[in-house]
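Notes for the structure review
Okay, here's what each chain looks like letter by letter:
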Amino acid sequence: MNSKILIDNLRLPLSFLLIIWSVKILEFGLSVSFINLGIFPQKISSLRGIIFSPIIHKDIAHLLNNTYPIIVLGGLLCYFYKKIAIKIFFWLYFVSGFWLWIIGRPVYHIGASGIIYALASFLLISGLIKKNNSLTAASMLIIFLYGSMIWGILPINNGVSWEGHLTGMVAGILIALFFKKEGPENTKYQWEIDEEAENNTDFE
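In this text the structure is predicted, and so the values were computed from the model without any measurement. Position numbers for residues start from 1 in each chain and track the written sequence from start to end. Two thresholds apply to this predicted model, a pLDDT of at least 70 for residue-level local features and 80 or more for giving and counting side-chain atom pairs, whereas whole-chain, interface and lining totals are computed over all residues. The side-chain quantities take in all heavy atoms of the structure and omit both hydrogens and water.

Below, the discussion takes up the overall build of the protein chain. Elements are defined by DSSP. Helices are runs of H or I of four residues or more, strands are runs of E of two residues or more, and each kind is numbered from the N terminus. Each helix and strand in the protein chain was counted, giving eight helices and zero strands. Expressed as a percentage of its 204 residues, the buried residues of the protein chain come to 43%. Whether two residues are in contact is decided by their heavy atoms, any of which lying within 4.5 Å being enough. If you take every contact in the protein chain between residues at least 6 apart in sequence, the share linking residues at least 24 apart comes to 79%. Three labels apply to residues, based on accessible area from a 1.4 Å probe with only protein chains included: buried if under 20% of the type maximum, exposed if over 50%, partly exposed otherwise in between.

Written out as structure tokens, the structure is:
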């Protein structure tokens, strides 16, 4: 992969990271907290949190934990779904956020982890249903790197928005099904090509 392709694939995740890091720097510079702009479920005025929640983080540690997965998963999304990566990203962003607003506990929910869960589940399910060798390999990598994420959808830690993780994962699965006919083409094996050729042969 040359540098131009790499830059193209990372443009979206790095742009998103630029925004969320800028927000944290702004909080430090102004000595303020934007937590009240997060999602407070079922509160009408907090619908704005669907937009703002993923770009707000509790502290630097919280932000650092989300930075690496965004680069990896966002880069994979852009690599496999070049033409519609931005569309898919925004579908994942808003669907997961809206569902969190519906089912979440009555506290402020912040952070990009819901987006990370959405990206991971989207890529994983896409790889399984599209039968594309490269995407399937990426899916196996996701399972290896982020398999333990499944515990994040359980209400184990009160200080973690497991609802955000859950809605992100479900959003990723459903959107992968919705876009199953778009993106990388299915890999065709030689026996499938031969079978198609036989079926398309006219016999006289």
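So, next bit.
On to helix H4 (residues 85–103), then. To estimate how far a helix should reach, multiply one less than its number of residues by 1.5 Å. If you check H4, its first and last C-alpha atoms are 27 Å apart, about what 19 residues at 1.5 Å a residue would give, namely 27 Å. Residues Ala-85, Ile-88, Phe-89, Leu-92, Tyr-93, Val-95, Ser-96, Gly-97, Leu-100 and Trp-101 constitute the buried set of H4. Against the buried residues of H4 lie helix H1 (3–30), helix H2 (49–52), helix H3 (60–80), helix H5 (113–130) and helix H7 (162–178).

Buriedness of a pocket was judged along seven lines, with at least five required to meet protein on both sides within 12 Å; pockets are open sets of points on a 1 Å grid over the protein atoms alone, cavities are sets where a 1.4 Å probe fits but cannot get out, and lining residues have an atom within 4 Å of a point. Grid points are joined across faces, edges and corners, and a volume is the space filled by probe spheres set on the points. Counted as a void, the largest pocket has a volume near 600 Å³. Lining the largest pocket are 21 residues, with His-62, Ser-113, Gly-159, Val-160 and Ser-161 positioned closest to its centre. Of all the secondary structure elements, the ones that give two or more residues to the lining of the largest pocket are H3 and H5. The biggest single contributor to the lining of the largest pocket is H3, with four residues. Under this grouping Gly is polar, as are all residues other than the nonpolar Ala, Val, Leu, Ile, Met, Phe, Trp, Tyr, Cys and Pro and the charged Asp, Glu, Lys and Arg. In terms of residue class, the lining of the largest pocket is built from nine nonpolar, nine polar and three charged.

On to the nonpolar core. Counting 45 residues, the largest nonpolar core has Phe-16, Leu-73, Leu-77, Tyr-81, Ile-88, Phe-89 and Phe-122 as its most contacted members. Where this core is concerned, the elements lending two or more residues are H1, H3, H4, H5, helix H6 (133–146) and H7. By residue number, the principal contributor to this core is H5, which donates nine residues. The residues contacting Leu-77, other than those within four sequence positions of it, are Lys-82, Ala-85, Ile-88, Phe-89, Leu-119, Phe-122 and Leu-123. The term nonpolar core refers to a set of buried residues drawn from Ala, Val, Leu, Ile, Met, Phe, Trp, Tyr and Cys, joined through side-chain atoms within 4.5 Å.

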